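Single-letter residue listing:
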Amino acid sequence: MPDAESSPRLPPLGRRSDGVIMAPDGSEVRLLLTDDHGANRCSVVEVTIGAGSVSRAVRHQTVEEAWYVIEGEGEVWRCPPGDAIDQAPAMTVCAGDALIIPTGWAFQFRAKEDAALRFICVTMPPWPGMDEAVEMEKGGRWPPTL
């Protein structure tokens, strides 16, 4: 009987990539699960921004994201299409919190001054490439540092 690692029917295990990809919002991304692992309806990455860092404000054109905070504390700003930047409140997040970034919504995030913010991000459908995220012309909730 073949074991799980040698069976051609079972997708391979994912593992945190050593290399870092810089996301369009300025955050550091490490791949966890992609189409190489049999993920054809989503992709999974680990996202990090350093202590005191603020991402650029972007919106996604075709994907929805689910985030699960695994380390640190910070704030996330999400703004529905057509709403004014100052009408969308920021939310404080910490380890154990989960949230959705709906398709088409602008968003931005920042880490508290004393620790990095790290979260798992599931993108549905899978991340199509760097052109997916569009930087917001009028900026976001805070001036970006990344």
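A quick note: this is a predicted structure, and the numbers were derived from the prediction, not measured.

A word on the packing of aromatic side chains
Working step 1: Enumeration over the complete set of coordinates arrives at 4 aromatic pairs.
Working step 2: A centroid spacing of 5.1 Å and a plane angle of 80 degrees characterise the contact between Trp67 and Phe109, whose relative ring orientation is edge-to-face. Of this pair, Trp67 sits in strand 5 (residues 64-71) while Phe109 sits in strand 9 (residues 106-111), and the two are 42 residues apart along the sequence. For the pair Trp67 and Phe109, one class covers both residues: buried.
Working step 3: Ring geometry for Phe109 versus Phe119: centroids 5.4 Å apart, planes at 80 degrees, classification edge-to-face.

Here's the deal with the side chain of His37
Working step 1: Within the element layout of this structure, His37 appears in the loop between strand 2 (28-33) and strand 3 (43-49).
Working step 2: Judged by relative accessible area, which is 19%, His37 ranks as buried.

Focus on the nonpolar core
Working step 1: Counting residues in each nonpolar core, the largest one holds 19 residues, and the members touching the most others are Val47, Trp67, Val76, Phe109, Leu117 and Phe119.
Working step 2: Listed by contribution, the elements that provide at least two residues to this core are strand 3, strand 5, strand 8 (98-101), strand 9 and strand 10 (117-124).
Working step 3: Non-local contacts of Val47, meaning those with residues more than four positions away in its chain, are made with Ser27, Glu28, Val29, Phe109, Leu117, Arg118, Phe119 and Cys121.
Working step 4: Ranked by size, the runner-up nonpolar core spans 7 residues in total, among them Ala57, Ala88, Ala106 and Trp142.

Focus: the sheet that holds strand 11 (residues 133-135)
Working step 1: With respect to topology, 5 strands assemble into an open sheet ordered 7-6-9-4-11, the strand pairing being antiparallel. In this open sheet, the two strands that pair with only one neighbour each are strand 7 (90-94) and strand 11. Adjacent strand axes in the sheet meet at a mean angle of 30 degrees when their direction is disregarded.
Working step 2: Bridge count for strand 6 (residues 73-79) against strand 9 is 6 bridges, and the pairing is antiparallel. Each bridged residue has a counterpart across the sheet, and for Glu75 the counterpart in strand 9 is Arg110.

Focus: the pattern of salt bridges
Working step 1: Counting across every chain of the model gives 7 salt bridges.
Working step 2: The partner of Glu46 in a salt bridge is Arg16, with the nearest N and O atoms 3.0 Å apart. Residue Glu46 is located in strand 3, and its partner Arg16 is located in the segment before strand 1 (21-22); the two are separated by 30 residues in the primary sequence.
Working step 3: Here Glu46 falls in the buried class, since its relative accessible area comes to 4%.
Working step 4: Taking the relative accessible area as the measure of exposure, Arg16 reaches 42% and is therefore partly exposed.
Working step 5: Lys112 serves as the salt-bridge partner of Glu73, at 3.8 Å between the closest nitrogen and oxygen. Placement of the pair is Glu73 in strand 6 and Lys112 in the loop between strand 9 and strand 10, with a sequence separation of 39 residues.
Working step 6: Through salt bridges with shared partners, one network takes in Arg16, Glu46, Glu71 and Arg118.

Scoring rules and cut-offs
Residues numbered from 1 in each chain as written. Predicted model: local features only at pLDDT ≥ 70, side-chain atom pairs only at ≥ 80, totals over all residues. Heavy atoms only, no water. Phe/Tyr/Trp six-rings, centres within 6.5 Å; stacked < 30°, edge-to-face > 60°. Helix = DSSP H or I, 4+ residues; strand = E, 2+ residues; numbered from the N terminus. Buried < 20%, exposed > 50% of the residue type's maximum accessible area, 1.4 Å probe, protein only. Core = buried A, V, L, I, M, F, W, Y, C linked by side-chain atoms within 4.5 Å. Contact = heavy atoms within 4.5 Å. Pairing = 2+ DSSP bridges. Axes fitted to C-alpha atoms, helices over the stretch in contact; angles between N-to-C directions. Salt bridge = Lys/Arg side-chain N within 4 Å of Asp/Glu carboxyl O.

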